Amino acid sequence: MSDATPDLSAYLGGDRGPYRSWDAVNRPMIRHWCEALGDDNPIYHDADAARAAGFDGIVAPPTMLQAWTMRGYREARPPGSDTSDPFEVLVALEELGYPAVVAVNCEQEYTQYVGEGDTLYHRSTIESISEQKSTALGVGFFVTELSTYYNQRDEVVGTMRFRVFKFAPHARDEAAAPVEAGSAPPAVRRMRPVRNEDTRFFWEGVEAGELRVQRCGGCQTLRHPPSSACPHCQSLEWTPQRVSGRGTVYSFVTMHYPEIPPFDYPNLIALVELEEGTRLVSNLVGVSRHDVRIGMPVQVEFAEVEPGFQLHQFRPLEGC
Ligand code: ZN
């Protein structure tokens, strides 16, 4: 990392594209998406239901927006695509000594549905590059890319703002990067959960050593994470319900990189299906990532992960 703040203005703005899609909007991709997310809305798979809702045929979940024109693992872009890298500024920052990157947030807006057979493309611009910032992770720049998505009629179907932080990490070995007395950066703490009218019951439950989910007052369906309205019947009435904390591993992922403090790596994260029926994301402990398997019975436990901060986590049931 150089001492002087680099001038990155040359990378700002611009209009790159089109970035085209390999495939037209299609049922198999929609089906996989809906299956993975547990979305049963019939307009995504039943043409009659979609027509009854006023569409010409099945439509794709708007949240799939990014999926259609994503580059994929290969470098090659579909024919007719711009071959340049919209995130060229990240490469430049790397050369300037900011090697690490972390996604900060992503905001999408949908202006119209896309339907089966539509062919999408997107254009990209670097909307903003921050001043050099010092954060708990290190020193670097927030870079925001704005992608605008179009259909084959060149109508905008949605936009996505994708923000990353490209940075030089703080030295992990404090001795290797001596700091003046009194100026040591504070230890990175886990983010504290948001407590509002919808989520307070959950965190109070965790503090009391209880796992609680919401039960809809309209259709009685259990749900998690907390939300103000029932996704099934839209009722705003709900009550907290204590659940057993027993369940099975529905899916899991092992986070390897980037290593973001204060978490331990590899970081084993599971989607647990509770025996009462709803699912919840949690750390998995007491098992190696090599031994986790889908369907493994697990039980919730509560641990003080930092002084004064209790969290739920799951552990395989003994004997399983
Ligand atoms: Zn309901």
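The structure reproduced in this document is the subject of the present report. Quantities reported herein were computed from a predicted structural model and do not represent experimental measurements. (Residues numbered from 1 in each chain as written. Predicted model: local features only at pLDDT ≥ 70, side-chain atom pairs only at ≥ 80, totals over all residues. Heavy atoms only, no water.)

1. Overview of the coordination of the zinc ion
Within the protein, Cys 216 (SG), Cys 219 (SG), Cys 230 (SG) and Cys 233 (SG) serve as the donor atoms for the zinc ion, at 2.3 Å. Geometry at the zinc ion is tetrahedral, judged from its four donor atoms and the angles of 99 to 115° they form at the metal. Between the donor residues of the zinc ion, the gaps in sequence give the motif C-x2-C-x10-C-x2-C. A residue pair is termed long-range when its members are at least 10 positions apart, and Cys 219 in the loop between strand E7 (211-216) and strand E8 (222-223) and Cys 230 in the loop between E8 and strand E9 (238-243) qualify at 11 residues. (Donors = N, O, S within 2.8 Å, 3.2 Å for Na, K, Ca; no water. Tetrahedral: all angles 85-135°; square planar, octahedral: opposite > 155°, others 65-115°. Helix = DSSP H or I, 4+ residues; strand = E, 2+ residues; numbered from the N terminus.)

2. Let's talk about the pattern of salt bridges
Across all of its chains, the model carries 17 salt bridges by this definition. Ionic pairing is found between Arg 315 and Glu 301, a salt bridge with its closest N-O pair at 2.8 Å. Here the residue Arg 315 occupies a position in strand E14 (residues 309-316), and Glu 301 occupies one in strand E13 (residues 297-306), the gap between them amounting to 14 residues. A network of salt bridges, in which partner residues are shared, links Glu 210, Arg 212 and Arg 242. (Salt bridge = Lys/Arg side-chain N within 4 Å of Asp/Glu carboxyl O.)

3. A short note on helix H5 (residues 200-207)
For H5, every residue scored as buried is listed here: Phe 201, Phe 202, Trp 203, Gly 205 and Val 206. The inward-facing, buried residues of H5 contact E7, E9, strand E12 (279-284), E13 and E14. Of the residues flanking the end of H5, it is Gly 209, one or two places downstream, whose phi is positive at about 75°. (Buried < 20%, exposed > 50% of the residue type's maximum accessible area, 1.4 Å probe, protein only. Contact = heavy atoms within 4.5 Å.)

4. Thoughts on the pairing of E14
Burial runs high along E14: six of the eight residues are buried. Sheet topology note: the E12/E14 ladder contains two bridges and is parallel. By the bridge assignment, Asn 283 is partnered in E14 with Gln 313. With eight bridges joining them, E13 and E14 adopt antiparallel strand pairing. Paired with Val 300 across the bridge in E14 is Phe 314. Here E13 folds back onto E14, and the loop between the two strands holds two residues, one of which, Gly 308, carries a positive phi near 80°. (Pairing = 2+ DSSP bridges.)

5. What to know about the nonpolar core
By size, the foremost hydrophobic cluster in this structure holds 23 residues, and its most contacted members are Phe 202, Leu 211, Leu 274, Leu 284, Val 298 and Phe 314. Among the secondary structure elements, those contributing two or more residues to this core are H5, E7, strand E11 (267-274), E12, E13 and E14. With sequence-adjacent residues up to four places away left out, Val 298 is seen in contact with Gly 245, Arg 246, Gly 247, Thr 248, Val 249, Val 272, Leu 284, Phe 314, Arg 315, Pro 316 and Leu 317. Among the nonpolar cores identified, the runner-up in size contains 18 residues, and Leu 65, Val 114, Tyr 149 and Met 160 belong to it. (Core = buried A, V, L, I, M, F, W, Y, C linked by side-chain atoms within 4.5 Å.)

6. Some thoughts on the layout of surface pockets
Estimates place the volume of the largest pocket at around 1,600 Å³. Listed by contribution, the elements that provide at least two residues to the lining of the largest pocket are helix H1 (27-37), strand E2 (100-110), H5, E8, E11, E12 and E14. Examining the composition of the lining of the largest pocket, we find that five residues originate from one element, E12, more than from any other. By residue class, the composition of the lining of the largest pocket is 29 nonpolar, 13 polar and eight charged. (1 Å grid on protein atoms, 1.4 Å probe; cavity = no way out; pocket = protein on both sides within 12 Å on 5 of 7 lines; lining within 4 Å. Points joined across faces, edges and corners; volume = space filled by probe spheres on them. Nonpolar A, V, L, I, M, F, W, Y, C, P; charged D, E, K, R; others polar.)

7. Re the packing of aromatic side chains
On inspection of all chains with the given rule, the structure shows seven aromatic pairs. Here Phe 165 and Phe 167 contribute two aromatic rings whose centre-to-centre distance is 5.1 Å and whose plane-to-plane angle is 10°, an arrangement assigned as stacked. With relative accessibility at 2%, the residue Phe 165 sits in the buried group. Members of the aromatic cluster, each reached through a chain of ring pairs, are Phe 142, Phe 165 and Phe 167. Taking the ring centre of Tyr 121 as reference, the NZ or CZ of Arg 20 above it sits at 5.3 Å. Positioned above the aromatic ring of Tyr 250 is the side chain of Arg 279, whose terminal nitrogen or guanidinium carbon lies 3.6 Å from the ring centre. (Phe/Tyr/Trp six-rings, centres within 6.5 Å; stacked < 30°, edge-to-face > 60°. Lys NZ or Arg CZ within 6 Å of the ring centre and 35° of its normal.)

8. Some remarks on the sheet that holds E8
In space, the three strands of this open sheet follow the order E8-E7-E9, with antiparallel pairing throughout. Across the chains shown, the open sheet's two edge strands, defined by having one partner strand only, are E8 and E9. Bridging between E7 and E9 involves six bridges; their strand directions are antiparallel. When the sheet's bridge partners are listed, Gln 214 is paired in E9 with Pro 240. In this fold H5 packs onto E7 and E9, with an angle of close to 150° to the strand it touches most, E7. (Axes fitted to C-alpha atoms, helices over the stretch in contact; angles between N-to-C directions.)

9. Re empty space enclosed by the protein
Counted according to the given criterion, the structure contains one cavity of 30 Å³ or more. Empty space within the largest cavity amounts to approximately 60 Å³. Residue lining of the largest cavity: Pro 61, Pro 62, Met 64, Leu 65, Trp 68, Tyr 110, Gln 112, Tyr 113, Val 114 and Val 157, and that is the complete set. Residue composition of the lining of the largest cavity, grouped by class: nine nonpolar, one polar and no charged.

10. A few points about the sheet that holds E14
In space, the five strands of this closed barrel follow the order E10-E11-E12-E14-E13, with mixed pairing throughout. Averaged over neighbouring strand pairs, the angle between their axes works out to 45° when direction is ignored. Where H5 meets the sheet, it contacts E12, E13 and E14, and its direction lies at approximately 75° from that of E14.

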